[in-house]
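Each chain, written out:
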Amino acid sequence: MQLDELYKRVIMDHYKSPRNRGTFEDDAVSVELNNPTCGDRISLQLMLKDGVVEQARFLGEGCSISMASASMMTEAVKGKTVDEALRLAEDFSSLMTGDEPDFEYEDILALSGVTKFPARIKCATLAWNALKKGILEHAKHG
């Protein structure tokens, strides 16, 4: 199987069976972002305790890339410190500019092909931008 085909399967798996889809009833950091150019929307919730992302969940609607990216992001940041989560978000931004950082959670690399379609980069980065915004707002008001 070619790498592109494998990546498409990983993306479609996360799109059709998203990880961490839903909301928390407890007090969570909540962020809502949308991409007005294509209509993608995400509502991200983070359970932060003692500087660690204990859990992350999302709801949203949009293309397969934005929803798969949200699923991957929520998996990747669970159990990470907020600094590690922010570093992952920066690494993801680097991936979208053509770099190939090393990710523990390898599914994220399936999104590397998005760089061939510049209009879709905003789709892939929406959830990661929500993550950064949520952590930074929590730090300000925490």
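The rules behind these values
Residues numbered from 1 in each chain as written. Predicted model: local features only at pLDDT ≥ 70, side-chain atom pairs only at ≥ 80, totals over all residues. Heavy atoms only, no water. Helix = DSSP H or I, 4+ residues; strand = E, 2+ residues; numbered from the N terminus. Rg over C-alpha atoms; globule rule 2.2 N^0.38 Å. Phe/Tyr/Trp six-rings, centres within 6.5 Å; stacked < 30°, edge-to-face > 60°. Buried < 20%, exposed > 50% of the residue type's maximum accessible area, 1.4 Å probe, protein only. Contact = heavy atoms within 4.5 Å. Axes fitted to C-alpha atoms, helices over the stretch in contact; angles between N-to-C directions. Parallel < 35°, antiparallel > 145°, perpendicular 65-115°, else oblique. 1 Å grid on protein atoms, 1.4 Å probe; cavity = no way out; pocket = protein on both sides within 12 Å on 5 of 7 lines; lining within 4 Å. Points joined across faces, edges and corners; volume = space filled by probe spheres on them. Nonpolar A, V, L, I, M, F, W, Y, C, P; charged D, E, K, R; others polar. Expected span 1.5 Å × (residues − 1). Arc of directions from axis to C-beta. Salt bridge = Lys/Arg side-chain N within 4 Å of Asp/Glu carboxyl O.

A. Fine view of the overall build of the protein chain. In terms of helices and strands, the protein chain carries four helices and three strands. Ordered by position from the N terminus, the helices and strands of the protein chain form the series α-β-β-β-α-α-α. Against the globule reference of 14 Å for 142 residues, the protein chain gives a C-alpha radius of gyration of 14 Å, in line with a compact fold. Taking the principal axes of its C-alpha atoms as reference, the protein chain extends roughly 45 × 30 × 25 Å.

B. Structural view of the packing of aromatic side chains. For the structure shown, the criterion picks out one aromatic pair. When the ring of Phe 92 is compared with that of Trp 128, the centres are 4.6 Å apart and the planes differ by 10°; the resulting orientation is stacked. Within this pair, whereas Phe 92 is found in helix 3 (residues 82-96), its partner Trp 128 is found in helix 4 (residues 121-141), the two being separated by 36 residues in sequence. Overall, Phe 92 belongs to the buried group, its relative accessible area being 0%. Its relative accessible area of 1% is what places Trp 128 among the buried residues.

C. Spotlight on the environment of Thr 81. Positionally, Thr 81 belongs in the loop between helix 2 (64-77) and helix 3. The spatial distance from the C-alpha of Thr 81 to the C-alpha of Thr 97 is 25 Å, given a sequence separation of 16 residues. Excluding anything up to four places from it in sequence, Thr 81 contacts Gly 51 and Val 52.

D. Quick look at the packing of helix 1 (residues 3-16) against helix 2. Across the interface, helix 1 lies against helix 2 with an axial gap of 8 Å and an inter-helix angle of 80°. Considering the angle they form, helix 1 stands roughly perpendicular to helix 2. Taking contact as the criterion, the partners of Val 10, Ile 11, Met 12, His 14 and Tyr 15 in helix 1 are, on helix 2, Ser 64, Met 67, Ala 68, Ser 71 and Met 72.

E. Region of interest: the layout of surface pockets. Here the largest pocket is characterised by a volume of approximately 240 Å³. Around the largest pocket sit Asp 4, Tyr 7, Lys 8, Ile 11, Ser 64, Ile 65, Ala 110, Gly 113, Val 114, Lys 116, Phe 117 and Arg 120, which together line it. Sorting the residues of the lining of the largest pocket by element identifies helix 1 and helix 2 as the ones contributing at least two each. In terms of residue count, helix 1 provides more of the lining of the largest pocket than any other element does, four residues in total. The class makeup of the residues in the lining of the largest pocket is six nonpolar, two polar and four charged.

F. Expanded view of helix 3. Here helix 3 spans 21 Å end to end across 15 residues, near enough to the 21 Å set by a 1.5 Å rise per residue. All of the buried residues along helix 3 are Ala 85, Leu 88, Ala 89, Phe 92, Leu 95 and Met 96. The arc that holds every buried residue of helix 3, seen down its axis, measures 115°, which confines them to one face. In this structure, the buried residues of helix 3 make contact with strand 3 (52-61), helix 2 and helix 4.

G. Expanded view of the pattern of salt bridges. Applying the stated criterion to the full structure yields seven salt bridges. Here Asp 4 ties to Lys 116 by a salt bridge, and the two come within 3.9 Å at their closest N and O atoms. Pair noted here: Asp 4 is in helix 1 and Lys 116 is in the loop between helix 3 and helix 4, with a separation of 112 residues, a long-range link. Take Asp 4: its relative accessible area is 46%, and that puts it in the partly exposed class. Notably, a salt bridge pairs Glu 5 with Arg 9, separated by 3.8 Å at the nearest N-O pair. Here the residue Glu 5 and the residue Arg 9 both occupy positions in helix 1, the gap between them amounting to four residues, near one helical turn. Since its relative accessible area comes to 35%, Glu 5 is described here as partly exposed.

Everything listed here is a matter of geometry and, on its own, says nothing about what the molecule does.
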